[in-house]
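# Fold and geometry: a report
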Amino acid sequence: MDKHERTLSEMAVQTFKNAFTVRKNPFPWRKAFCAGLAASLPIVIGLLLGNFHYGIAAGMGGFAYLYVFNQPYAQRAKLIFFVAAGLALSMFLGILLSPYPFGVAIGMGMIGAIATFMFGALRITGPSAIFFILCFSIATGIPANPADAPLRGGLVLLGGALSWVIGMFGWFFNPHGPEINAVKKVYSQLAAFADSAGGADLNNARHETVAVIKEAEETILAGYSSRTDTELFKRLYLLNDHANRLFIDILKLAEEKKNGLPPELGDSLRALANTIGSSRKNKAKILQPDTDDLKIADLFRKIYDADAILNEPAGKIHRDVKIAKPSIRIKLLGAFDKNSIVFLSAVRFGVILMAASLISYAFPFERPYWVPLSCAAVMLGSTVISTIHRAIQRTIGTLGGLLIAGLILMNVHNGFVVALLILSLSFLTELFIVRNYAIAVLFITPSAMIISEYSAEIHNFPFFAAARATDIIAGSIIGLLGVWLIWRRTASRMLNHYIVKTLRSQGQYVLGLFSENNEKMEFHESWERRKMHTNLVNLLAVYTTALGELPSKKKKLELFRPVIFSIEQLGFYMDAALKYEKRPVLKDEELSRLLYIFETMARAAGQNEPPAEKSVPDLPGFEKIQNEIIALQASLRFGEGAR
């Protein structure tokens, strides 16, 4: 065996091992129970009303709850509603198109592509298109008349409505719970960042803090509506806005004070974090250290200002709150581009799914809808590597799940016991999916088998098991081949293109920040900011995808990490600067030089050449932007080895 063969063999073994790595994520007990309840309660209601099969159909609407994460309730209400409507429409179309194999293939591809694009463009966390495809697939296998499509779709919608009620139940007790948790996390992370000052881990802590602040901002904006515009919501918004300024100030001091910052700083921030969302006023008295350092004293004053935002009466907080959310239209248009990784991934997903559906009808598969369903589940991996992992996990997990399904289906014939089993299996699925997908598939498989068998009303387990085992292998192979053959190196080829686009949009952003009449730029309405963020989101997605492509050039791609990190940090500092009303106005010569620096970096990145080092104009009060531009030039020169 030569060196190349040994390398491939080692890669295969490592890939197989990684597929069964159990992550140490905490178990989501509450969500798992609610998911089981959402799936099983419609079945119980159907049994009580004397129609078990209608209960099974409504139970598929329970999949809507699986899209509940830690979204604010204002966003969650809309999300579950549209997911439930989408599941109902998938069921409706599946029954309507079931007599027409070519129509089923087109419908399968369109549902997969549209759902994948919407979830990607709007950056919605969740299982993306899989449950829409599941509803559509099962519908094509139900021995129902097309005239039954409205009834079946309506039942799924009713089940989705029940999921909506379960998902929104917490609103009655803590309507701003997700936003509170996000802001608490920000101040806890600021405390950890202050503690890391003077240590070797400062850069990692800085990156993590930026990510937490951005996540909190997205959560708060997602939770905003005219009905959620309460006093508490305004306080949370102001607290997160204040955290941006605190972070910049702590970062400046951390870089100046090589021996670290006073421990009282982290203690103060932790005490503040612990009182966010609590009805009790902050009683933890953290004394300011005895120091003559005016910068340290000023930083503590700003922490006390944050405490005032949280605890003082509303009339004493003299700060206007103007909140504007970026429109859905802008997000969708930003992703609807021939070079967008979201758009290309959606097209790929739809095309391969359509091909899998046509193949399943062209060959004598007993239950053809399992083939594209398995193909879709495998392709949910965000990269080629994760797609291979999912294929391995799904195959092994399904074979084990078939044994569990066999024991259940051959011994259980009571509807209420079936409902209890659906609850238990859904509970276990959600509990273990955060640890390892293969373990979750052990419980997904019997749950899906129960729903399929009772929906199709063909009580023949050996038939279902054999068909399921064959189809899962065929679907996984099609998914792997599709991902391998279509655009397997797309992301790595597009990386330089998105670095160029992002750098140019950042140049326009800087120009707006420090040009004449810059105070007219609005934080959430700035065209320059929106354009930069669209490009930055696409760049991060492309880079993440490129790291998982095969054949992997991971070592070379890793050289791009400082470039991506610096671009992301620069975007954050620009956003932070836009929140200050007073910014310096640079002379035309200095603005021209700034724009020229960004254009030089963009052209160098596009031509795979190191940029010439240029002198960056002074930005009084906003030195972090100046220093990050200098660091970005250095990173691009260092990244030459990746090209």
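Here's a quick rundown of the structure. All values reported here derive from a predicted model rather than from experimental measurement.

### Structural notes on the packing of helix 4 (residues 73–97) against helix 7 (residues 149–168)
- Their axes nearest at 8 Å, the elements helix 4 and helix 7 cross at an angle of 160°. With respect to helix 7, the element helix 4 is oriented roughly antiparallel. As for how helix 4 packs across helix 7, the hand of that crossing is right-handed.

### So, the packing of helix 8 (residues 177–196) against helix 9 (residues 202–222)
- Running from N to C, helix 8 and helix 9 point in directions that differ by 165°, and their axes come no closer than 9 Å. Judged by the inter-axis angle, helix 8 sits roughly antiparallel to helix 9. Crossing hand, helix 8 versus helix 9: left-handed. Contacts between helix 8 and helix 9 pair Pro178, Glu179, Ala182, Val183, Lys185, Val186, Gln189, Leu190, Phe193 and Ser196 from the former with Leu202, Ala205, Arg206, Glu208, Thr209, Val212, Ile213, Glu215, Ala216, Thr219 and Ile220 from the latter.
- Its residues assigned to classes, the contact of helix 8 with helix 9 comprises 12 nonpolar, four polar and five charged.

### Regarding the nonpolar core
- Within the largest apolar cluster, 96 residues are counted, with the highest numbers of intra-cluster contacts made by Tyr187, Phe247, Ile499 and Ile625.
- Looking at this core, the element that brings in the most residues is helix 10 (residues 231–256), giving 13 residues.
- In contact with Tyr187, other than residues within four places in its own chain, are Leu239, His242, Ala243, Leu246, Leu269, Leu272, Ala273, Ile276 and Ala306.
- With 75 residues, the next largest nonpolar core counts Cys135, Ile352, Leu353 and Trp370 among its residues.

### So, a nonpolar patch on the surface
- A cluster of nonpolar side chains, namely Phe102, Ile106, Met110, Ile114, Met118 and Leu358, defines an oily patch on the protein surface of about 540 Å² accessible area.
- Counting residues per element, the nonpolar patch draws most heavily on helix 5 (residues 101–121), at five residues.
- With respect to the helices and strands, Ile106 occurs in helix 5.
- A relative accessible area of 34% means that Ile106 is categorised as partly exposed.

### Description of the packing of aromatic side chains
- Here the structure, examined in full by the defined rule, presents 23 aromatic pairs.
- Between Phe117 and Phe336 the ring centres are 6.0 Å apart and the planes differ by 85°, which places this aromatic pair in the edge-to-face class. Here Phe117 is found in helix 5, whereas its partner Phe336 is found in the loop between helix 13 (328–335) and helix 14 (341–362), with 219 residues between them in sequence.
- The class of Phe117 is buried, set by a relative accessible area of 13%.
- Since its relative accessible area comes to 57%, Phe336 is described here as exposed.
- The interplanar angle of 50° and the centroid separation of 5.1 Å between the aromatic rings of Phe193 and Phe247 together place this pair among those described as tilted. Taken together, the positions of Phe193 in helix 8 and Phe247 in helix 10 put the pair 54 residues apart, joining distant regions of the chain.

Each value, and the rule that gives it
- Residues numbered from 1 in each chain as written.
- Predicted model: local features only at pLDDT ≥ 70, side-chain atom pairs only at ≥ 80, totals over all residues.
- Heavy atoms only, no water.
- Axes fitted to C-alpha atoms, helices over the stretch in contact; angles between N-to-C directions.
- Helix = DSSP H or I, 4+ residues; strand = E, 2+ residues; numbered from the N terminus.
- Parallel < 35°, antiparallel > 145°, perpendicular 65-115°, else oblique.
- Left-handed = near helix turned anticlockwise from the far one by under 90°.
- Contact = heavy atoms within 4.5 Å.
- Nonpolar A, V, L, I, M, F, W, Y, C, P; charged D, E, K, R; others polar.
- Core = buried A, V, L, I, M, F, W, Y, C linked by side-chain atoms within 4.5 Å.
- Buried < 20%, exposed > 50% of the residue type's maximum accessible area, 1.4 Å probe, protein only.
- Patch = residues over 30% accessible without salt bridge, like charges linked within 9 Å, V, L, I, M, F, W, Y side chains within 5 Å.
- Areas by Shrake-Rupley, 256 points an atom, 1.4 Å probe, with all protein chains shown as cover.
- Salt bridge = Lys/Arg side-chain N within 4 Å of Asp/Glu carboxyl O.
- Phe/Tyr/Trp six-rings, centres within 6.5 Å; stacked < 30°, edge-to-face > 60°.

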